[in-house]
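An overview of the molecular structure
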Amino acid sequence: MTTRIGVIGLQGDVEEHAIALEKTLAERGALGEVVKIKHRGLVSSCDALVIPGGESTTIGRLMEREHIISEVKVAVEDHAIPILGTCAGMVLLAKEGDEEVAKTGQPLLGLMDVKVKRNAFGRQRESFEIMLPMRIFEEPFPAVFIRAPAITHAAERVEVLATFGELIVAAQQRNVIALSFHPELTDDRRIHHYFLDLVEYAE
Ligand code: GLN
């Protein structure tokens, strides 16, 4: 059985995710392929989806223009396909955004019952790395934050996987995972493995 993982490939760190996923598949000895989704018609053939970091406004608008948003919603809501959103991807997965998100009028997919703050760490802390304790791992995860968003409110059915101060920086709602940080920029592939575990259990 070949696992087909679609990375929304319109803008942002698409290549980094594709490489991390390929390495993760190889480490698991799993048959699989990574496809970059740039237009409609590909989502429904994927077993898992990733929305990378980048500019959520740009990615959202391009997804809208290419008519990918509704395809992703059907795959995730109706077919329970696992989806991972990192950084800008977290913003896009959310049901609600802060004033900054509202101002840009960017489309949100609304796949996770959370409210996000788009630039949650302010200008002074544009980018930083911390060893982040996460509920799903015994050892902390090297988390790289770049102009990162965070979750400020989450519905009860959302499982909080990690917090930083008052903010939620990793969360899961069944088949939907949202991260403020960029696991694809480190060599630690535990999150990608955790994500592909969801795909295997779903099969
Ligand atoms: N704050 C950015 C946005 O919402 C995300 C930054 C990133 O993905 N590194 O678009």
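Sequence order as written defines residue numbering, which begins from 1 separately in each chain. The predicted nature of this model means local features are confined to residues of pLDDT at least 70 and side-chain atom pairs, given and counted, to a pLDDT of 80 or more, with totals for whole chains, interfaces and linings taken over all residues. Computation of side-chain values: all heavy atoms of the structure, hydrogens and water removed.

Focus: the site of the ligand
Near residues are defined by distance, with any heavy atom within 4 Å of the molecule or strand qualifying the residue. Around the ligand, a shell composed of Gly53, Gly54, Glu55, Ser56, Cys87, Ala88, Val91, Arg118, Asn119, Ile146, Arg147 and His182 is seen. N or O atoms within 3.5 Å of each other form a polar contact, as long as, within protein, one can give a hydrogen and the other can take it, and as long as residues adjacent in sequence are counted only when both atoms are side-chain atoms. Glutamate 55 is positioned with one of its side-chain polar atoms (N or O) 3.2 Å from an oxygen atom of the ligand. Backbone polar atom of arginine 147 to a nitrogen atom of the ligand: 2.8 Å apart, as the coordinates give it. Bound to the protein, the ligand loses 97% of the 300 Å² it would expose on its own. Put simply, Ala, Val, Leu, Ile, Met, Phe, Trp, Tyr, Cys and Pro go in the nonpolar bin, Asp, Glu, Lys and Arg in the charged bin, and everything else, Gly too, in the polar bin. When grouped by side-chain class, the residues that make up the shell around the ligand number four nonpolar, five polar and three charged. Accessibility throughout is a Shrake-Rupley quantity obtained with a 1.4 Å probe, and a residue counts as covered only by protein chains that appear here.

Observations regarding the pairing of strand β12 (residues 176–179)
Residue exposure (1.4 Å probe, protein chains only): buried if accessible area is under 20% of the type maximum, exposed if over 50%, otherwise partly exposed. Helix and strand labels come from DSSP, where a helix needs a run of H or I of at least four residues and a strand needs a run of E of at least two; each type is numbered from the N terminus. Because side chains alternate across β12, one face comprises the buried residues Val176 and Ala178, and the other comprises Ile177 and Leu179, equally buried. Pairing between two strands is assigned when DSSP locates at least 2 bridges connecting them. Bridge count between strand β4 (residues 83–86) and β12: four bridges; the pairing is parallel. Paired with threonine 86 across the two strands is leucine 179, which belongs to β12. Linking strand β11 (residues 167–173) to β12, which pair antiparallel, is a turn of two residues; within it arginine 174 sits at a positive phi near 50 degrees.

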